[in-house]
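Breakdown of the fold
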Amino acid sequence: VQLQASGGGVVQAGASLRLSCAASGRTFIPNAMGWFRQAPDKEREFVAGIGRSGSNTDYADSVKGRFTIARDDAKNMLYLYMSSLKPEDTAVYYCAALPMLDDSVVRAPGIYNYWGQGTQVTVSS
């Protein structure tokens, strides 16, 4: 599976952005998907995840209520809708995929098999 993230940019606090992740290639097992982010001098952290069915989602407390993860399997796309952005949301955002046998969402980045290249989101105050 190859992943390509896009949609980052420089925005002011309070603005909205939509990140996209295009997936190509195939696995025999459908994938759980996730968004992670990494700020300078910090570890990569879980932002949001979605199970293979699309109905099971999970969010980091820091983004709950502001971010929404969604997938469109017909288009092989993953999205992250971000609103009410804050300067502390500034980071490189990565999408990731993990073949799963059930509808679980996984938070640990080390478990994911496939990663996109990242897209920079910068939120100014």
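In the block above lies the structure referred to throughout.
So, a few notes on the structure that sits alongside this text. (Residues numbered from 1 in each chain as written. Predicted model: local features only at pLDDT ≥ 70, side-chain atom pairs only at ≥ 80, totals over all residues. Heavy atoms only, no water.)

**Looking at the overall build of the protein**
Regarding its fold elements, the protein presents 0 helices and 11 strands. Its helices and strands taken in sequence order, the protein reads β-β-β-β-β-β-β-β-β-β-β from the N to the C terminus. Taken over the C-alpha atoms alone, the protein extends approximately 45 × 30 × 25 Å along its principal axes. Per-residue burial for the protein yields a buried fraction of 41% across its 125 residues. A sequence separation of at least 24 residues applies to 60% of the contacts in the protein between residues at least 6 apart. When the accessible area of the protein is evaluated, it comes to approximately 6400 Å², of which 49% is carbon and sulfur surface. In the protein, which carries 12 positive and 11 negative side-chain charges, the distance between the mean positions of the two groups comes to 4 Å. (Helix = DSSP H or I, 4+ residues; strand = E, 2+ residues; numbered from the N terminus. Buried < 20%, exposed > 50% of the residue type's maximum accessible area, 1.4 Å probe, protein only. Contact = heavy atoms within 4.5 Å. Areas by Shrake-Rupley, 256 points an atom, 1.4 Å probe, with all protein chains shown as cover. Lys, Arg positive; Asp, Glu negative; His and termini not counted. Charge placed at Lys NZ, Arg CZ, Asp CG, Glu CD.)

**A look at the sheet that holds strand β8 (residues 77–82)**
Working definition: the strands of a sheet are paired by backbone hydrogen bonds and lie parallel or antiparallel to each other. Across the sheet, which stays open at both edges, the 4 strands sit in the order β1-β3-β8-β7 with antiparallel pairing between neighbours. With partners counted over all chains shown, the strands left at the sheet margins are β1 (2–6) and β7 (67–72), one partner each. Along the sheet, successive strands turn relative to each other by an average axial angle of 15°, direction set aside. Pairing of β1 with strand β3 (residues 17–24) involves 5 bridges; the strand directions are antiparallel. Counted as the bridge partner of Gln 4 is Ala 22 from β3. (Pairing = 2+ DSSP bridges. Axes fitted to C-alpha atoms, helices over the stretch in contact; angles between N-to-C directions.)

**Quick notes on the pairing of β3**
Sheet topology places β3 next to β8; 6 bridges connect them, and they run antiparallel. Each residue of the ladder has a partner; that of Ala 22, found in β8, is Met 77.

**Some points on the pattern of salt bridges**
Summed over the entire model, instances satisfying the criterion amount to 6 salt bridges. Between Arg 71 and Asp 73 there is a salt bridge; the shortest N-O distance is 2.9 Å. What emerges from the salt-bridge pattern is a single network uniting Arg 37, Glu 45, Arg 66 and Asp 89. (Salt bridge = Lys/Arg side-chain N within 4 Å of Asp/Glu carboxyl O.)

**Re the packing of aromatic side chains**
Applying the stated criterion across every chain yields a total of 6 aromatic pairs. With a centroid separation of 5.1 Å and an interplanar angle of 75°, the aromatic rings of Phe 36 and Tyr 112 are classed as edge-to-face. Within this pair, whereas Phe 36 is found in strand β4 (residues 31–38), its partner Tyr 112 is found in the loop between β9 (91–99) and β10 (114–115), the two being separated by 76 residues in sequence. Each member of the pair, Phe 36 as well as Tyr 112, is classed as buried. Taking the centre distance of 6.4 Å and the plane angle of 80° together, the rings of Tyr 94 and Trp 115 count as edge-to-face. Highlighted residues: Tyr 94 in strand β9 and Trp 115 in strand β10, separated in sequence by 21 residues. (Phe/Tyr/Trp six-rings, centres within 6.5 Å; stacked < 30°, edge-to-face > 60°.)

**Description of the pairing of β4**
Counting buried positions along β4 gives 7 out of 8 residues, so the element sits mostly inside the fold. Linking β4 back to strand β5 (residues 45–50) in an antiparallel pair, the connection comprises 6 residues, with Asp 41 at a positive phi of about 65°.

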